[in-house]
Amino acid sequence: MMPSSQFQLSHSGLCLCGTPDTTFGANGTWLSPRQSFAKARGIVETIKSKAATAAIKVHHLRGNIAVLEGSGGNIAVQAGRAGKVLVDAGIAVSRPQVASALATLGPEPVTHLINTHWHFDHADGNAWLHELSPTIIAHVNTRRHLSTTQRVEDWDFDFVPLPDAALPTEVFATDHRLSLDGANLALRYYGPAHTDSDISVHFEEPDVLHVADTYWNGVYPFIDYSTGGGIDGSIRAAEANLAQATESTIVIPGHGYPVSDRAGLQRFRDMLVTVRDKVAALKAQGRSLEEIVAARPTAAFDEVWGRFVITPALFTRLVHEGV
């Protein structure tokens, strides 16, 4: 895991300058959830603006698998002889940089695109990638969300539908398997977790597992209650990831440094459970949301996990909503 300062500088696609300051007011007091949300409004536009100029870094993993870092969520690429398979599409404004990064992995066309869930920082790039005519694959709920206007209350933002041509054309409800270029991919639906549309993608032979936004490496995660997510589902997904990964598995998170492992999954799961239990105990005492936020149930983790888009106050509120 990278140190927090190094981590922030490397994630220009999502990094917000001064993000830790959104946790506290000008007088040093802990912000209420309402104040924290007010400061977060406009975050979607800010992320898109940064993604428009962010450099894309290519990390070569194992075999013919690489991960692209810098356009929203981390993008996995299998570069086979017959074509490229992408897991997630990033943000559309990153098109020039993503296209250049893909070209460094070989001249083969993009034949398949898998969306791990519906959020814009993972599926917005469908808007240009569909011009390459890939088969677009996703969970049925991902297609449903991408085809209609979606409001995420915690971002105070309405996401418009993707064009019909950019929607997933091949959908599934539980699990799905692909055999491409002699490589086997296993796609698994978590059930409601970060959203109600999350899947993992396991490149089986090289043992590379993309778990998307069910794992944020070294930073507090967002939980989208507006489209079926929840803290308990997030914990179940974290435990499913632990059950699937081995000590040799390379794990790709949705956000954070894009190369991780089973030990990183364990730290993330343990953080989620600890914070959930602390918030639940405070709630059982009859504390108000404002009192729970002020009690700082995340304090033991904030130095490492609290220095990104999701502040300690906002994460506390998200956990509170689900317990």
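The coordinates are above.
Residues numbered from 1 in each chain as written. Predicted model: local features only at pLDDT ≥ 70, side-chain atom pairs only at ≥ 80, totals over all residues. Heavy atoms only, no water.

### Thoughts on the packing of aromatic side chains
Summed over the entire model, instances satisfying the criterion amount to seven aromatic pairs. Taken together, the ring pairs connect Trp118, Phe120, Phe157 and Phe159 into an aromatic cluster. (Phe/Tyr/Trp six-rings, centres within 6.5 Å; stacked < 30°, edge-to-face > 60°.)

### Brief notes about the sheet that holds strand E1 (residues 57-60)
On the basis of which strands lie adjacent, the open sheet formed by seven strands has the order E1-E2-E3-E4-E5-E6-E9 and mixed pairing. Two strands in the sheet have a free side with no partner beyond their single neighbour: E1 and strand E9 (170-172). Neighbour-to-neighbour, the strand axes of the sheet open up by a mean angle of 20 degrees, direction not taken into account. Both E1 and strand E2 (residues 65-69) contribute to a ladder of four bridges, which runs antiparallel. Bridge assignment links valine 58 to a residue of E2, and that residue is leucine 68. Contacting E1, E2, strand E3 (75-79), strand E4 (84-87) and strand E5 (110-114), helix H4 (residues 95-103) runs over the sheet at an angle of about 160 degrees to E2. (Pairing = 2+ DSSP bridges. Helix = DSSP H or I, 4+ residues; strand = E, 2+ residues; numbered from the N terminus. Axes fitted to C-alpha atoms, helices over the stretch in contact; angles between N-to-C directions. Contact = heavy atoms within 4.5 Å.)

### A few points about empty space enclosed by the protein
Within the structure shown, the criterion is met by three cavities of 30 Å³ or more. Roughly 190 Å³ of internal volume is contained in the largest cavity. Elements with a contribution of two residues or more to the lining of the largest cavity: helix H3 (43-53), helix H5 (120-123) and strand E13 (208-217). For the lining of the largest cavity, the residue count by class is 10 nonpolar, two polar and two charged. (1 Å grid on protein atoms, 1.4 Å probe; cavity = no way out; pocket = protein on both sides within 12 Å on 5 of 7 lines; lining within 4 Å. Points joined across faces, edges and corners; volume = space filled by probe spheres on them. Nonpolar A, V, L, I, M, F, W, Y, C, P; charged D, E, K, R; others polar.)

### Re the packing of helix H8 (residues 231-244) against helix H9 (residues 262-284)
One can describe the packing of H8 onto H9 by two numbers: an axis separation of 9 Å at closest approach and a directional angle of 155 degrees. As summarised for this structure, H8 and H9 are arranged roughly antiparallel, according to the angle between their axes. Taken as a pair, H8 and H9 cross one another with a handedness that is left-handed. Residues Ile231, Asp232, Ser234, Ile235, Ala238, Glu239, Asn241 and Leu242 of H8 touch H9, and the partners they reach there are Arg262, Leu265, Gln266, Phe268, Arg269, Leu272, Val273 and Arg276. When the residues that make up the contact of H8 with H9 are grouped by side-chain class, the tally is eight nonpolar, three polar and five charged. (Parallel < 35°, antiparallel > 145°, perpendicular 65-115°, else oblique. Left-handed = near helix turned anticlockwise from the far one by under 90°.)

### Digging into H4
For H4, the complete set of buried residues consists of Gln97, Val98, Ala101 and Leu102. Along the axis of H4, the buried residues cluster in a sector spanning 135 degrees; they form a single face. Within H4, the exposed residues directed more than 90 degrees away from the buried face are Pro96 and Ala103. (Buried < 20%, exposed > 50% of the residue type's maximum accessible area, 1.4 Å probe, protein only. Arc of directions from axis to C-beta.)

### Brief notes about H3
Turning to H3, its buried residues number three or more, namely Ile43, Val44, Ile47 and Ala51. Each buried residue of H3 sits inside an arc of 100 degrees when the element is viewed along its axis, so together they form one side.

### A few points about the pattern of salt bridges
This structure, assessed with the given rule, holds 12 salt bridges. Arginine 296 is the salt-bridge partner of aspartate 302, the closest N and O atoms lying 3.7 Å from each other. Residue classification places aspartate 302 among the buried positions, given a relative accessible area of 10%. Among the ionic contacts, a cluster of salt bridges with common partners joins Arg151, Glu153, Asp156 and Asp158. (Salt bridge = Lys/Arg side-chain N within 4 Å of Asp/Glu carboxyl O.)

### Section: the side chain of serine 94
Within the secondary structure layout, serine 94 lies in the loop between E4 and H4. Exposure remark for serine 94: the relative accessible area of 0% places this residue in the buried category. At 3.0 Å, the side chain of serine 94 and the backbone oxygen of alanine 51 are in polar contact. Dropping the residues within four chain positions of it, serine 94 is found in contact with Ala51 and Ser71. (Polar contact = N/O pair within 3.5 Å; in protein donor to acceptor, adjacent residues only side chain to side chain.)

### Comments concerning the sheet that holds strand E14 (residues 250-256)
Across the sheet, five strands lie side by side as E10-E11-E12-E13-E14; this open sheet has mixed pairing. For this open sheet the edge positions go to strand E10 (175-180) and E14, each flanked by a neighbour on one side alone. Strand-to-strand twist across the sheet, computed as the mean angle between neighbouring axes with direction ignored, equals 25 degrees. Pairing analysis gives three bridges linking strand E12 (residues 199-203) to E13, with the strands arranged antiparallel. In the strand pairing of E13, phenylalanine 203 is matched with valine 208. Running at roughly 25 degrees to E13, H9 makes contact with E13 and E14 of the sheet.

### Digging into the nonpolar core
In this structure, Trp155, Phe268, Met271, Leu272, Ile310 and Phe315 are the most contacted members of the largest nonpolar core, which totals 52 residues. Counting only elements with at least two residues in this core, the list comes to H3, H5, strand E8 (157-159), E13, H8, H9 and helix H12 (312-321). Counting residues per element, this core draws most heavily on H9, which supplies eight residues. Every residue in contact with phenylalanine 268, bar those within four places of it in the chain, is listed here: Thr214, Tyr215, Trp216, Val219, Pro221, Ala238 and Trp305. Among the nonpolar cores identified, the runner-up in size contains 19 residues, and Ile65, Ile114, Leu187 and Val201 belong to it. (Core = buried A, V, L, I, M, F, W, Y, C linked by side-chain atoms within 4.5 Å.)

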